[in-house]
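# Residue-level structure breakdown
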Amino acid sequence: MFTPYLEVCDSAGSSTVRIQGSCCSVRCLADQEFQVVSMIGERIGTVWKKWPGYSEDCNMDHEHFGLDVPQNLSVTTKVLLLAATFLLNHMFFEMS
């Protein structure tokens, strides 16, 4: 299995923060938590994924994602982290 690791860069291509996760062999059927880390290694937030289970009624499997970061983080970095959360979902959790 791969360990999720993303470097989030600004429009100039400079790294602003990193998203780091742990290696998990059951990536779809479990809750996951990823650390948002500054470029100096300080933990500044969390991206999380909750799996509520498979719904027989709707024949669907879905997850809930969240982003917990400090309020004083720049708006640009928050937007980049939100976009990175979508990319994280696509790269590590979508099976189709």
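In what follows, the accompanying structure is described. Since this is a predicted model, take the numbers as computed values, not measurements.

This paragraph deals with the pairing of strand 1 (residues 5-9). Covered by surrounding structure in strand 1 are Leu6 and Val8 only, the residues Tyr5, Glu7 and Cys9 on the alternate face being uncovered. Pairing analysis gives five bridges linking strand 1 to strand 2 (residues 15-20), with the strands arranged antiparallel. Bridged to Glu7 within strand 2 is Arg18. The turn joining strand 1 and strand 2, which pair antiparallel and follow one another in sequence, is formed by five residues; a positive phi near 90° is taken by Gly13.

Here the focus is the pairing of strand 4 (residues 43-50). Strand direction decides the pairing type here: strand 3 (residues 32-38) and strand 4, joined by six bridges, are antiparallel. Following the sheet pairing, Gln35 is matched in strand 4 by Thr46. Between the antiparallel neighbours strand 3 and strand 4 lie four residues, among them Gly41 with a positive phi of about 95°.

The rules we used
- Residues numbered from 1 in each chain as written.
- Predicted model: local features only at pLDDT ≥ 70, side-chain atom pairs only at ≥ 80, totals over all residues.
- Heavy atoms only, no water.
- Buried < 20%, exposed > 50% of the residue type's maximum accessible area, 1.4 Å probe, protein only.
- Helix = DSSP H or I, 4+ residues; strand = E, 2+ residues; numbered from the N terminus.
- Pairing = 2+ DSSP bridges.

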